[in-house]
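# An overview of the molecular structure
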Amino acid sequence: MAENKEIVLDDEAEALFRDLGGVDAVRSGRGVSVPDLAEAIHDQEKRLDAWRLLLVDLVFDFGRFLDACRGAESAAARDALAQMTLHLEKLSRMPQADGRILIRHRGRPVPESGRVSGRYDYIILFGNIRLDVSGARQSARRLGVTAAKLPVRIQEAFLALSTSEISSASLQLGAFDAEERAAFKKSMEALYFFRVAALSGKDGPVPLIRDETGTPDPNLSLLFAISGVKPEAGVELSRKVRSMLLSAPPGDALEQFLGIYDAVFAFKKLRDQLKRPAVEINNTRWLLASSPGESIPAVRARVARLAAGSFGKGSPLTSRIMDVLYASDYGAIDAVEFCDRLEAASQLLPAVEKGLPHGLLREEARTEILGNLESRMTLVRDEVYDEVSVRREILKAKDDESSRKPRWVDTALVEKVEFFQHRGLVKEKMKGLAKGGVSFDAEDLSVMARDFSVPAEEIARLVELLKAAFDTRGRFLRGSFEKNIPAFARHGSKVFEFVWHYLKDLVNRADRIALLNALQVLIDQMKSRREAFTVLMEDFVRDPETIEFHDRNALMLANLMLRKYNKELHNDIEVTPEEVLLVREGLDPEMTACAGAWMEAEKERLLVKLRTVHRSVREALDASDPGKAMPLRYVFTLEREVSILLALVGGPIAAAVLRSALSEYGNPDAEIYWLKRSEANVTSIIGILQVLVRAVCRSPEGTDLDSLRNIERRENRYLTLNKEQRHADAVRRLMQWVDRACETVGESTDSSVEFRF
């Protein structure tokens, strides 16, 4: 895309860009709009809102086009197409756009909109934008009157898609030059004739080509129409590809394709001769993938084909089932949604029995379905399971008036629900170790054994070892625990997960500190730190929108695992010493590589969690009622642990977050210094800045010197934030570290050394 193309926007978007002062402008002013970590995120989101407005307009007009197809209203269709073309011309100029817009039905209930809102729960994917009804509401709140009608408009757009039975749509625009505009227009015109013909049952300018289920397929019909393939040839080609697809043996490359249309493009000769439509609707691939070249595992493709074949490619049930199987939000759902999801998934299992022969293929499909669901059910909160009643094969959420219609659930899923309910009871029993007098029966031990994939006899021994770590008053005995560490360690890598899972939420602070330090000794003797690190970090991002009190301990232990040794091993500590930022030779390269790989793989959840951590700091500083916010001492140390972890691991994600944080804390006029409780806690804020200064200098870049010099020049400004002597001492220590950092950065950036950031 040419960078000098003029961006022409609709009225609302034009006003938004004017308000922002252009895409690169950032307003400044004390405590108002300094580009700190949270402000920068907000500002970036507001810039993206201009594109979100256009996306909503595009989908709204796409809905108008589909309505016109239903009524065979060619003039209305042409008008809607003309508007869509204008929107796409503008959207094609979005920076970092990937040239494809995906619209996907999920069927989740929209927050604050009732259960029936699942009908219009779609998501739009374009570049780095993911937009649904909730996202449109957030945009409207950011923009105010500029986009007051945005939530209503997107809901109307999605309802139009639902009425037209659209489960997915792909719009390929590329740079949207003259050739691509013509291809888009040709595809849309062919889609109009297909829709009209499909509704009337009569062939028109676009013959109806049927797919593997015997249903007229819009994508096959458009493919052959715009490629100039005669109807007879198209039917014969479809028949041959269908035969090859259905007869493909296990392991064949064709297994990854989700239908005839999808499989056509597996053959180079056909790819070269046929023109892929710029518009695809109800292609099951787009319920799972985000690009044409994205590979889909064979068993997953088989499950998707079964769902589409059983319920229809455009069926909301098909898209709902695909979302249920692969959604990542199970940690945030309520009991009603949980029951709904299991009911939807249960409708697929009979299709597996009917659609696949008895044997390996059927078992693989059942394992894919049940295994995916079980891994997601582990994320569901224990209180959700408490609110679900089970009676034979019927699930019901307590106090849910909408569940008068029984939810039939497959017996295999009922068994899993009962297991997780029992697991919650066992967890409560384990918490009771601190009270004494707790016993575990054989069924309890069996549940724990299954939960951790450890033999029941080993679980019984681990439970006895844990019991020995508490006295008759329920207080944790660090000495007893450490004495039994060799016995714990003999049980392998699962022991850390076991101990952390059940004891991380000890109520008494002294007990928590004692456990934390005892776990340090256990880690020191473990041979499987990688597994333990993953346990802690997975727990940290389990629900990235919330903060738990054990999050800080998880990070402190994770920081410990990155080092070959630590001199604090036998001291009682609650936070990572700042001196670890000086450690280089003492880092374990295998562990830092493992941590970096984990961060890259889980960057979406991690970045959401880091924003949540920073938001909790700001909320605690701005709370009118401190009792309703997280304790300041806790959130400060939590953000501090985050910074240390990122600094020790390094890499592009760490660099981006640390430098963004430095730009905020490194400006005394940033809003974080001017919230309700900031003045009283400014020394703690300065403490975080000192950690950031030392963190950035582990792998400096040339631009860091400017950031550090700016901090240095503002020394007097920092001193005026609080008149107490301890604050002045903190600022003095900060400036000493800034001086050292400037020297380090200057020396490093003058050399030819290549750094990791």
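Below you will find a few notes about this structure. (Residues numbered from 1 in each chain as written. Predicted model: local features only at pLDDT ≥ 70, side-chain atom pairs only at ≥ 80, totals over all residues. Heavy atoms only, no water.)

Bringing the overall build of the chain into the picture now. Counting secondary structure elements, the chain contains 33 helices and 8 strands. Nonlocal contacts in the chain, meaning residues at least 24 apart in sequence, comprise 71% of its contacts between residues at least 6 apart. For the chain, the exposed surface amounts to about 33,800 Å²; the carbon and sulfur share of it is 50%. (Helix = DSSP H or I, 4+ residues; strand = E, 2+ residues; numbered from the N terminus. Contact = heavy atoms within 4.5 Å. Areas by Shrake-Rupley, 256 points an atom, 1.4 Å probe, with all protein chains shown as cover.)

You can see Asn508 is positioned in the loop between α22 (494-503) and α23 (509-525). A residue is classified by how much of its surface remains accessible, and Asn508, at 32% relative accessible area, is partly exposed. Spatially, the C-alpha atoms of Asn508 and Phe476 are 9.2 Å apart, while their sequence positions differ by 32 residues. (Buried < 20%, exposed > 50% of the residue type's maximum accessible area, 1.4 Å probe, protein only.)

Moving on: the environment of Arg381. Within the secondary structure, Arg381 is located in the loop between α15 (360-377) and α16 (382-386). Placed 47 residues apart in sequence, Arg381 and Asp334 show a C-alpha to C-alpha distance of 8.6 Å. In this view, Arg381 contacts Gly331, Ala332, Ile333 and Asp334; residues no more than four positions away in its chain are not counted. Separated by 2.9 Å, the side chain of Arg381 and the backbone oxygen of Ile333 make a polar contact. (Polar contact = N/O pair within 3.5 Å; in protein donor to acceptor, adjacent residues only side chain to side chain.)

Now for the sheet that holds strand β1 (residues 100-105). In a beta sheet, neighbouring strands are held together by backbone hydrogen bonds and run either parallel or antiparallel to one another. Read from one edge of the open sheet, 5 strands run β3-β2-β1-β4-β5, paired in antiparallel fashion. Each edge of the open sheet is held by one strand with a lone partner, namely β3 (129-131) and β5 (279-281). Between one strand and the next, the sheet's axes are offset by a mean angle of 10°, whatever the strand orientation. Inspection of the sheet shows strand β4 (residues 168-172) paired to β5 by 3 bridges, in the antiparallel sense. The partner of Leu171 across the bridge, within β5, is Val279. Each of β4 and β5 is contacted by helix α6 (residues 178-200), which is oriented at about 35° to β5, the strand it contacts most. (Pairing = 2+ DSSP bridges. Axes fitted to C-alpha atoms, helices over the stretch in contact; angles between N-to-C directions.)

In this section: the sheet that holds strand β8 (residues 407-408). Here we have 3 strands laid out as an open sheet, ordered β6-β7-β8, and antiparallel in their pairing. Looking along the sheet, the strands with just one partner apiece sit at the ends: β6 (388-391) and β8. Across 4 bridges, the pairing between β6 and strand β7 (residues 394-397) is antiparallel. Directly across from Val388, in β7, lies its bridge partner Ala397.

The subject of this paragraph is the side chain of Ser238. The residue Ser238 is located in helix α8 (residues 231-247) in this model. Judged by relative accessible area, Ser238 falls into the buried class, the value being 4%. Discounting chain neighbours no more than four positions away, the residues touching Ser238 are Ile209, Arg210, Leu220, Phe224 and Ile260.

Turning our eyes to something else, we now look at the nonpolar core. The biggest cluster of nonpolar side chains holds 162 residues, and the ones touching the most others in it are Phe481, Phe496, Phe498 and Tyr673. The element that contributes the greatest number of residues to this core is helix α28 (residues 632-649), accounting for 12 residues. In this structure, Ile129, Ile154, Leu171 and Phe176 belong to the second largest nonpolar core, which totals 59 residues. (Core = buried A, V, L, I, M, F, W, Y, C linked by side-chain atoms within 4.5 Å.)

Let us now look at the pattern of salt bridges. Going through the model one piece at a time under the given rule, you end up with 57 salt bridges. Between Arg64 and Asp79 there is a salt bridge, with its nearest N and O atoms 3.2 Å apart. Of this pair, Arg64 sits in helix α2 (residues 37-70) while Asp79 sits in helix α3 (residues 74-91), placing them 15 residues apart in sequence. Among the residues examined, Asp79 registers a relative accessible area of 37% and is labelled partly exposed. Among the salt bridges present, the one from Glu353 reaches Arg366, with a minimum N-O distance of 3.3 Å. In this pair, Glu353 is assigned in helix α14 (residues 349-355) and Arg366 in helix α15, connecting sequence segments 13 residues apart. Connected via shared salt-bridge partners are Arg108, Arg115, Arg320, Asp323, Asp329, Asp334, Glu337, Asp340, Arg341 and Arg407. (Salt bridge = Lys/Arg side-chain N within 4 Å of Asp/Glu carboxyl O.)

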